[in-house]
Amino acid sequence: MPREKDIEKRLSILNESKRLFAAKGFHATSVSDIAEAVELPIGSIYTYFKNKDDIIQSIIEEGWEAFRESMTSAIGNEADPGKRIGLIIDVFLPELFKDVDFISIFLTEAPRVGRLREKIDFLSSLIVSQIRQIAERSGRVLEFDEKEAMAALLIFFLGSMNSVRLIHEAGLPLCEEDILRFIRSTVRNTFNLG
């Protein structure tokens, strides 16, 4: 049974670190702040993580992996590429938008420690594949180079994440559903998805 407590402590450290990093910033949060928040001695933090960078990297990688798995499982059983795009917008993005602390950390720290390029390449490949299948099914030829795909993804994915963060931080009179409605409308109109 002690193993479960170890897992619980590690998750507690990650959750409190995520909350603190999002609220105060990575650089303004100390390991002693984290230890105090989880009510553990500082040395216990180092039992689970090498250093603060290891904590932030774990938050980003484990959070990303959970969202990636959720997305791939949501689209995995659907044969229709238009419906797969719909699932990404209707299942994956709303799930992602719920975790504003993760979004804040991802946007500020993923370029430094989170292998952002790898994540963007994965999403670009996935989305472009769906779009090409939609075009093929409708008999259209779609020329989409890698830079265009990456630009579109950066605008929609990172832009929507930043919009969610700004809604919460600045108290803008919008909500996550407003952003999703805009994305749905744009994608459906662009690709004639009805």
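Residues numbered from 1 in each chain as written. Predicted model: local features only at pLDDT ≥ 70, side-chain atom pairs only at ≥ 80, totals over all residues. Heavy atoms only, no water.

Trainee: I keep staring at helix H5 (residues 81-97) and nothing clicks. Help me out?
Mentor: Residue pairs spaced three or four apart in an α-helix point in one direction, given the helix's 3.6 residues per turn. For H5, with 17 residues, the first-to-last C-alpha span of 23 Å sits near the 24 Å given by 1.5 Å per residue. The sharpest bend along H5 measures roughly 25 degrees and falls at Ile88. Here H5 has its buried residues at Pro81, Gly82, Arg84, Ile85, Gly86, Ile88, Ile89, Phe92, Leu93, Leu96 and Phe97. Tucked inside the fold, the buried residues of H5 contact helix H4 (52-76), helix H6 (100-113), helix H7 (116-137), helix H8 (146-170) and helix H9 (176-190). At the N-terminal boundary of H5, the capping side chain belongs to Asp80, with an oxygen 2.8 Å from the backbone nitrogen of Gly82. (Helix = DSSP H or I, 4+ residues; strand = E, 2+ residues; numbered from the N terminus. Expected span 1.5 Å × (residues − 1). Bend = angle between axes of the 7 residues up to and from the residue. Buried < 20%, exposed > 50% of the residue type's maximum accessible area, 1.4 Å probe, protein only. Contact = heavy atoms within 4.5 Å. Polar contact = N/O pair within 3.5 Å; in protein donor to acceptor, adjacent residues only side chain to side chain.)

Trainee: Can you help me understand unusual backbone geometry in this one?
Mentor: In terms of backbone geometry, most residues other than glycine have negative phi values and most peptide bonds are trans. Despite not being glycine, Glu39 shows a phi value in the positive range, around 55 degrees. In this fold, Glu39 is placed in the loop between helix H2 (31-38) and helix H3 (42-48). When its relative accessible area of 72% is taken as the criterion, Glu39 is described as exposed.

Trainee: Any chance you could explain the layout of surface pockets here in plain terms?
Mentor: Looking at the largest pocket, its volume works out to about 440 Å³. Going through the elements one at a time, H5, H7, H8 and H9 are the ones with two or more residues in the lining of the largest pocket. (1 Å grid on protein atoms, 1.4 Å probe; cavity = no way out; pocket = protein on both sides within 12 Å on 5 of 7 lines; lining within 4 Å. Points joined across faces, edges and corners; volume = space filled by probe spheres on them.)

Trainee: Help me understand the packing of H5 against H8, please; the structure alone is not making it clear to me.
Mentor: Packed helix pairs are specified by the crossing angle of their axes together with the interaxial distance, meaning the distance between the axes. At a minimum axis separation of 10 Å, H5 and H8 run at an interaxial angle of 40 degrees. Classed by the angle they form, the pair H5 and H8 counts as oblique. Here H5 and H8 pass one another in a crossing that is right-handed. Contacts between H5 and H8 involve Phe92, Leu93, Leu96 and Phe97 from the former and Phe157, Ser160, Met161 and Val164 from the latter. Across the contact of H5 with H8, the residue classes tally to 7 nonpolar, 1 polar and no charged. (Axes fitted to C-alpha atoms, helices over the stretch in contact; angles between N-to-C directions. Parallel < 35°, antiparallel > 145°, perpendicular 65-115°, else oblique. Left-handed = near helix turned anticlockwise from the far one by under 90°. Nonpolar A, V, L, I, M, F, W, Y, C, P; charged D, E, K, R; others polar.)

Trainee: Mind showing me how you'd approach the packing of aromatic side chains here?
Mentor: Here a ring pair, both rings aromatic, is described through the centre-centre distance and the interplanar angle of the planes. Under the counting rule described, the total for this entry stands at 7 aromatic pairs. Geometrically, the ring pair formed by Trp64 and Phe106 is stacked, given 6.0 Å between the ring centres and 15 degrees between the ring planes. Remark: Phe106 occurs in helix H6 and Trp64 occurs in helix H4; sequence separation between them is 42 residues. With respect to burial, Trp64 and Phe106 carry one shared label: buried. Taking 5.7 Å as the distance between ring centres and 35 degrees as the angle between the ring planes, the aromatic pair formed by Phe102 and Phe106 counts as tilted. Here the residue Phe102 and the residue Phe106 both occupy positions in helix H6, the gap between them amounting to 4 residues, near one helical turn. Among the aromatic residues, ring-to-ring pairing joins Trp64, Phe67, Phe92, Phe102, Phe106 and Phe157 into one connected group. Across the ring face of Phe26, the terminal group of Lys52 is positioned such that the distance to the ring centre comes to 4.5 Å. Its end group placed over the ring of Phe122, Arg68 keeps NZ or CZ at 5.7 Å from the ring centre. (Phe/Tyr/Trp six-rings, centres within 6.5 Å; stacked < 30°, edge-to-face > 60°. Lys NZ or Arg CZ within 6 Å of the ring centre and 35° of its normal.)

By themselves these figures say nothing about function.
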